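Chain residues, written in single-letter form:
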Amino acid sequence: DQQVKQNSPSLSVQEGRISILNCDYTNSMFDYFLWYKKYPAEGPTFLISISSIKDKNEDGRFTVFLNKSAKHLSLHIVPSQPGDSAVYFCAASGNYGGATNKLIFGTGTLLAVQP
Amino acid sequence: DSGVTQTPKHLITATGQRVTLRCSPRSGDLSVYWYQQSLDQGLQFLIQYYNGEERAKGNILERFSAQQFPDLHSELNLSSLELGDSALYFCASSPRGGNYNEQFFGPGTRLTVL
């Protein structure tokens, strides 16, 4: 059972435009969400996070929006740059009662920013 | 560079063999996590250690085991290897073991079982 879903395996965007990556989750216990970027042959790199008490968090060109009622979050990148081309993973964690921080990852979206 | 190191970078072995993957967390981080990424799959949580103690288990096979040593480095042991164990294995670390803090990932170990 895939608790975190990224339904778009790939996305192509023109340089300078907005990239919107989407993520849906099913587990109501999730209360902390993260986005990671991954280049080939490297480990995932943390981008931005949001806790469930917020509905928006912004860091430079990156903004994450959380819609708890829809169990949906999105990552906006504005403006998109060719260096943003990578696989983006959505991840979630929750209060499982054991003070663990295990992350549940989506399957990723490959973003290609065209010059 | 996340500050998390993993060795070896690549490992090629045969079915039935046993291997050990090593991870050194970022300086000061007490928690270590292991994840597996198979072909076309997202990262699957395997196990977490916090300050030497097992904190949480995920989809880790009984043939796999891990430990965290007093100097906080961790090892993942994979035994009786099967073709399906071929994957990228990532280690991550975080300062604490609880929720609401991001994890920093190492570059991964690519395991190929022939």
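Quick look at the overall build of chain A now. Each helix and strand in chain A was counted, giving zero helices and eleven strands. Helices and strands appear in chain A in the N-to-C order β-β-β-β-β-β-β-β-β-β-β. The C-alpha radius of gyration computed for chain A amounts to 14 Å, which stays within 12% of the reference 13 Å derived for 115 residues, consistent with globular compactness. Taken over the C-alpha atoms alone, chain A extends approximately 45 × 30 × 20 Å along its principal axes. Here the contacts in chain A between residues at least 6 apart in sequence split such that 55% fall between residues at least 24 apart. For chain A, the accessible area works out to roughly 5,300 Å², and carbon and sulfur atoms hold 50% of it.

Before going further, it helps to spend a moment on the state of the cysteines. Residues and elements named next belong to chain A. Across all of its chains, the model carries two disulfides over all chains by this definition. The side chain of C23 participates in a disulfide bridge whose partner is C90; the two sulfur atoms lie 2.0 Å from each other. Note on the C23 and C90 pair: the S-S dihedral is about -70°, so by sign convention the disulfide is left-handed. Remark: C90 occurs in strand β9 (residues 86–94) and C23 occurs in strand β3 (residues 19–25); sequence separation between them is 67 residues.

Another aspect to go through is the interface of chain B and chain A. Listed as interface residues are 23 residues of chain B and, on the opposing side, 23 residues of chain A. At the boundary of chain B with chain A, total buried surface from both sides reaches about 1,800 Å², with 55% on carbon and sulfur atoms. At the boundary of chain B with chain A, the tally comes to zero salt bridges. Joining chain B to chain A, the criterion identifies two residue pairs in polar contact (both at pLDDT 80 or more). Those elements that provide at least two residues to the side of chain B that touches chain A are β4 (31–37), β5 (44–50), β6 (53–57) and β9 (87–94) of chain B.

As enumerated under the stated definition, the model contains twelve aromatic pairs over all chains in all. Note on Y36 of chain A and F105 of chain B: the rings are 5.3 Å apart at their centroids and 80° apart in plane angle, and the pair reads as edge-to-face. Within this pair, whereas Y36 of chain A is found in strand β4 (residues 30–38), its partner F105 of chain B is found in strand β10 (residues 104–105), the two belonging to separate chains. No difference in accessibility class separates Y36 of chain A from F105 of chain B, as the two residues are buried. Here the aromatic cluster, defined as three or more aromatic residues joined through ring pairs, consists of Y36, F46, F89 and F105 of chain A together with Y35, F45, F90 and F105 of chain B. The ring centre of F104 of chain B lies 3.8 Å from the NZ or CZ of R26 of chain B, which sits over that ring.

Take the layout of surface pockets next. Of the volumes computed, that of the largest pocket is approximately 690 Å³. Mapped onto the lining of the largest pocket, the elements with two or more residues apiece are β9 and β11 (109–114) of chain A together with β9 and β11 (109–113) of chain B. The element best represented in the lining of the largest pocket is β11 of chain B, accounting for four residues. Across the lining of the largest pocket, the residue classes break down as 14 nonpolar, twelve polar and five charged.

This brings us to the nonpolar core. Residue and element names in this part refer to chain A. Formed by 24 residues in total, the largest nonpolar core has its most connected members in F33, W35, L73, L75 and Y88. Mapped by element, the contributors of at least two residues to this core are β3, β4, β5 (45–51), β7 (62–67), β8 (72–77), β9 and β11. Per-element tally for this core: the top contributor is β9, with four residues.

The rules behind the values
Residues numbered from 1 in each chain as written. Chains lettered and ligands numbered in written order. Predicted model: local features only at pLDDT ≥ 70, side-chain atom pairs only at ≥ 80, totals over all residues. Heavy atoms only, no water. Helix = DSSP H or I, 4+ residues; strand = E, 2+ residues; numbered from the N terminus. Rg over C-alpha atoms; globule rule 2.2 N^0.38 Å. Contact = heavy atoms within 4.5 Å. Areas by Shrake-Rupley, 256 points an atom, 1.4 Å probe, with all protein chains shown as cover. Disulfide = S-S within 2.5 Å. Buried area = accessible area lost by both parts, 1.4 Å probe. Salt bridge = Lys/Arg side-chain N within 4 Å of Asp/Glu carboxyl O. Polar contact = N/O pair within 3.5 Å; in protein donor to acceptor, adjacent residues only side chain to side chain. Phe/Tyr/Trp six-rings, centres within 6.5 Å; stacked < 30°, edge-to-face > 60°. Buried < 20%, exposed > 50% of the residue type's maximum accessible area, 1.4 Å probe, protein only. Lys NZ or Arg CZ within 6 Å of the ring centre and 35° of its normal. 1 Å grid on protein atoms, 1.4 Å probe; cavity = no way out; pocket = protein on both sides within 12 Å on 5 of 7 lines; lining within 4 Å. Points joined across faces, edges and corners; volume = space filled by probe spheres on them. Nonpolar A, V, L, I, M, F, W, Y, C, P; charged D, E, K, R; others polar. Core = buried A, V, L, I, M, F, W, Y, C linked by side-chain atoms within 4.5 Å.

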